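# What the coordinates show
Spelled out, the chains give:
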Amino acid sequence: MSDKSEQQRLSVFKTYKLYVGGKFPRSESGRVYEVTDSKGKWLANAPQSSRKDARDAVVAARKAFGGWTGATAYNRGQVLYRVAEMLEGRRAQFVHEVADAEGLSKSRAAEQVEATIDRWVWYAGWTDKIAQVVGGGNPVAGPYFNLSSPEPTGVVAVLAPQESSFLGLVSVLAPVIATGNTAVVIASERSPLPALSLGEVLATSDVPGGVVNVLSGRMAEIAAPLASHQDVNAIDLAGADEVLAKELEIAAADNLKRVLRPQPVDDWTATPGIDRLTAFLETKTVWHPTGSLGASGSAY
């Protein structure tokens, strides 16, 4: 009886939505576009974000910045580790989506998902360590303390890699938020579904709404207003081709955004190093007089 009822069930197709400000809006434009697998089979309709969606995402990211950067680095690490726990619990879903998105076998997709979860944990562990690596006391010729410490740049627009829909996405997103920035992410245009599902994980974890905002659609259309937006402090062009990257770099110069140019990556599973952690950090240097103690004039 149960077998018969299962055969008669209608498929329940998933409705993918944007993730902006901790909520799941449809695109303001009402548009969607078809997402297909590597063989051209229809998978889902993804929201096609508009310029208004991009501006809304920047507003949400700016609103969340103060609370996120004001949290202790240790707390941010705990929050990000919780995301890894949630990803582990939804591992099967992501294996399915990555296999469809990238035309991989289930075993190869599982390897990609496992590497993605490990990558998230790796960056979570760096939140309270990066300051010791890139900051410190500086020797100066005078009676001063001279201390340098890293601070987040602000709101970062992230163009996710086109070919690596999940591991590549996390590899460019996690270091941005691990260092206290907030992010507006444009998912892979061809394979946006793992990124949109990541938004669902973030919403049910401890990451405050607005820290990560996920948009899908035509990358060139969404990236242009982000590159010229006066309240976006930096942009990672990982997913842009050479022509688009050049256009966005010119637009980003208007308010002196930090720009991370596209860098070819042969193997996303390789240890990433700390380059992406430091790419969107500013260095604050503080001078303070040492003063003198006691009649002897000894300093501390």
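The following paragraphs examine the structure supplied in this document. (Residues numbered from 1 in each chain as written. Predicted model: local features only at pLDDT ≥ 70, side-chain atom pairs only at ≥ 80, totals over all residues. Heavy atoms only, no water.)

## A word on the side chain of S197
Let me state the cut-off plainly: Think of it this way: any DSSP run of H or I at least four residues long counts as a helix, any run of E at least two long counts as a strand, and we number them from the N terminus. Contact criterion: two residues are considered in contact whenever any of their non-hydrogen atoms come within 4.5 Å of each other.
Along the polypeptide, S197 turns up in helix α8 (residues 193–203). Residue contacts for S197: discarding those within four places in its chain leaves K14, Y16, Q93, F94 and E97.

## Some points on the pattern of salt bridges
Under the convention used in this document: The term salt bridge refers to a side-chain nitrogen of Lys or Arg lying within 4 Å of a carboxyl oxygen of Asp or Glu. Buried residues are those whose accessible area, probed at 1.4 Å on protein chains only, stays under 20% of the maximum for their type, while exposed residues exceed 50% and partly exposed ones sit between those limits.
Per the counting criterion, the structure on display carries 14 salt bridges. Put simply, E221 and R31 hold a salt bridge, and the shortest N to O gap is 2.8 Å. With E221 in helix α9 (residues 219–228) and R31 in the loop between α1 (2–8) and β1 (32–36), this pair connects stretches of sequence that are 190 residues apart. On the basis of relative accessibility, which here comes to 30%, the residue R31 falls in the partly exposed class.

## A closer look at unusual backbone geometry
Here the phi dihedral of L256 falls at roughly 55 degrees; this positive angle occurs in a residue that is not glycine. Relative to the helices and strands, L256 is located in the loop between α10 (242–252) and β9 (258–260). You can call L256 exposed: its relative accessible area is 73%.

## Quick notes on the sheet that holds strand β6 (residues 182–186)
Going by this rule: Strands qualify as paired when DSSP identifies two bridges or more between them. For helices, the axis comes from a line fit to the C-alpha atoms of the stretch in contact; other axes are also lines fit to C-alpha atoms, and the angle between any two N-to-C directions lies between 0 and 180 degrees.
Strand order in the open sheet formed by five strands is β7-β6-β5-β8-β9, with parallel pairing between adjacent strands. The open sheet is flanked by β7 (212–215) and β9, the only strands paired with a single partner. Averaged over all neighbouring strand pairs, the angle between strand axes comes to 15 degrees, with direction disregarded. Across the face of the sheet, α9 comes into contact with β5 (155–159), β6, β7 and β8 (234–236) while running at roughly 150 degrees to β6.

## Structural notes on the side chain of R119
Heads up, the condition is: None of His or the chain ends enter the tally, which takes Lys and Arg as positive and Asp and Glu as negative. Any pair of N or O atoms that falls within 3.5 Å is considered a polar contact. Within protein, one atom must be able to donate a hydrogen and the other to accept it, and sequence-neighbouring residues count only if both atoms are side-chain atoms.
Take R119: it is sitting in helix α5 (residues 106–124). In this structure, R119 is buried with no salt-bridge partner, the nearest side chain bearing the opposite charge being D267 at 7.3 Å. Of the polar contacts made by the side chain of R119, one reaches the side chain of S171; its length is 2.8 Å. Reaching out from R119, the side chain makes a polar contact with the backbone oxygen of A270 at a distance of 3.1 Å. If sequence neighbours within four positions are ignored, R119 has contacts with L167, V170, S171, W268, T269, A270 and P272.

## Brief notes about the packing of α9 against α10
Under the convention used in this document: Geometric relationships in this document are graded by angle, where less than 35 degrees denotes roughly parallel, more than 145 denotes roughly antiparallel, 65 to 115 denotes roughly perpendicular, and other angles denote oblique. Handedness of a crossing follows from how the near helix is turned relative to the far one, being left-handed for an anticlockwise turn of less than a right angle and right-handed for a clockwise one. Only Asp, Glu, Lys and Arg are considered charged in this grouping, and only Ala, Val, Leu, Ile, Met, Phe, Trp, Tyr, Cys and Pro are considered nonpolar; every other residue, Gly among them, is considered polar.
With their axes 8 Å apart at the nearest point, α9 and α10 run at an angle of 20 degrees to one another. Comparing the axis directions of α9 and α10 gives the class roughly parallel. In this structure, α9 meets α10 at a crossing whose hand is right-handed. Here M219, A220, A223, A224, A227 and S228 of α9 lie close against α10, whose contacting residues are L244, L248, A251 and A252. Across the contact of α9 with α10, the residue classes tally to nine nonpolar, one polar and no charged.

## Thoughts on the packing of helix α4 (residues 91–102) against α5
Any two packed helices are characterised by the angle at which their axes cross and by the distance between the axes. At their nearest, the axes of α4 and α5 sit 8 Å apart, and the two run at 115 degrees to each other. Between α4 and α5 lies a crossing whose hand is right-handed. Where α4 abuts α5, its residues R91, F94, V95, H96, V98, A99 and E102 lie against K106, A109, A110, Q112, V113 and E114. Here the residues of the contact of α4 with α5 sort into seven nonpolar, two polar and four charged.

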